[in-house]
Amino acid sequence: MIALTTSGRPARLASLPSRQTARKVCVGASAAAFGLYLASPFVTLWTIGTSLQSHDMTSLGQVINWGSLDASIKHQALSGLNLLQPASDDLPEFGSSFATTAVSNAVDINVSQANLGTLVDEAMPAALPAKQAAPSLGTLVSKTSFRFARLDQFEASVPLPGHERETPLKIEMRIQGWRWKITKVDFPVARQPTMTASATPSNA
């Protein structure tokens with residue numbers, strides 16, 4: 001038996017519009033949330049760029065996971081010094097062990113919120129050739145490639161002007177504490193030469 005409303009319509013039919021409205025609200029809210037998620041890493045990158053331009057180290061430091069960035073820089077420094085190669089015997093050489101400790105200590109001391117301004121001042125001039133004006137933020141963004149490596153990991157590769165023969169500056173961010181934070185930075189290094197094989201037979 002179907003109950004009737006005061007207007008004489010079945011109660012089941014009267015509830016349909018409200019269910020459809022609720023469904024539309026849910027779909028709309030989900031779409032908006034997904035859109036905010038897709039836009040959020042770009043907003044963070046824009047914050048990083050404007051913080052660098054205005055030399056706002058306080059805002060820049062808030063989007064950095066210092067522990068992860070510290071480990072990333074140590075790994076690159078040790079790799080550049082060939083200190084990550086496996087030792088020939090069970091015990092590493094004294095010199096290699098000493099150098100590894102020295103590099104780790106130097107990174108621990110210098111890579112910090114307190115020294116962030118100095119690090120940026122030293123890194124920015126080195127990123128550009130002499131007498132070349134710094135490109136605008138919009139120009140850098142237009143040449144940058146982006147990708148979601150995972151749902152909680154976002155990567156940006158920035159080709160630096162004057163460093164065309166080197167790999168792009170790679171910035172990795174992850175969601176931590178409900179916000180994107182820089183966890184890794186791969187600095188430009190010389191590109192490995194590509195070997196090409198010729199199919200033309202040599203003239204003997």
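Residues numbered from 1 in each chain as written. Predicted model: local features only at pLDDT ≥ 70, side-chain atom pairs only at ≥ 80, totals over all residues. Heavy atoms only, no water.

Engineer: I'm lost on a nonpolar patch on the surface in this one. Help?
Structural biologist: Among the surface-exposed residues, Phe34, Leu38, Phe42, Trp46, Val141, Phe146 and Phe148 lie close enough to one another that they form a single nonpolar patch of about 620 Å² accessible area. Of all elements in the fold, only α2 (16–54) and β1 (145–150) reach the threshold of two or more residues within the nonpolar patch. The element contributing the most residues to the nonpolar patch is α2, with four residues. Here tryptophan 46 shows up in helix α2. (Patch = residues over 30% accessible without salt bridge, like charges linked within 9 Å, V, L, I, M, F, W, Y side chains within 5 Å. Areas by Shrake-Rupley, 256 points an atom, 1.4 Å probe, with all protein chains shown as cover. Salt bridge = Lys/Arg side-chain N within 4 Å of Asp/Glu carboxyl O. Helix = DSSP H or I, 4+ residues; strand = E, 2+ residues; numbered from the N terminus.)

Engineer: For this particular structure, what's the right way to read the side chain of threonine 144?
Structural biologist: Mapped onto the elements, threonine 144 comes out in the loop between α7 (137–143) and β1. Residue contacts for threonine 144: discarding those within four places in its chain leaves Ala156, Ser157, Val158 and Pro159. (Contact = heavy atoms within 4.5 Å.)

Engineer: Looking at this structure, I do not really get the sheet that holds strand β2 (residues 153–158). What am I missing?
Structural biologist: What links the strands of a sheet is backbone hydrogen bonding, and the strands pair in either a parallel or an antiparallel sense. The strand order β1-β2-β3-β4 describes an open sheet built from four strands, whose pairing is antiparallel. Each edge of the sheet is formed by a strand with only one pairing partner; in this case those strands are β1 and β4 (179–186). Pairwise comparison of adjacent strand axes, ignoring direction, gives a mean angle of 25° for this sheet. (Pairing = 2+ DSSP bridges. Axes fitted to C-alpha atoms, helices over the stretch in contact; angles between N-to-C directions.)

Engineer: Help me understand the pattern of salt bridges, please; the structure alone is not making it clear to me.
Structural biologist: Two side chains that carry opposite charge are able to pair once their charged atoms sit near each other. Under the criterion given, the structure shown has five salt bridges. A salt bridge links lysine 74 to aspartate 70, with the nearest nitrogen and oxygen atoms 3.3 Å apart. You can see lysine 74 and its partner aspartate 70 sitting in helix α4 (residues 66–80), four residues apart, about one turn around the helix. Note that arginine 147 and glutamate 155 form a salt bridge whose closest N and O atoms lie 2.9 Å from each other.

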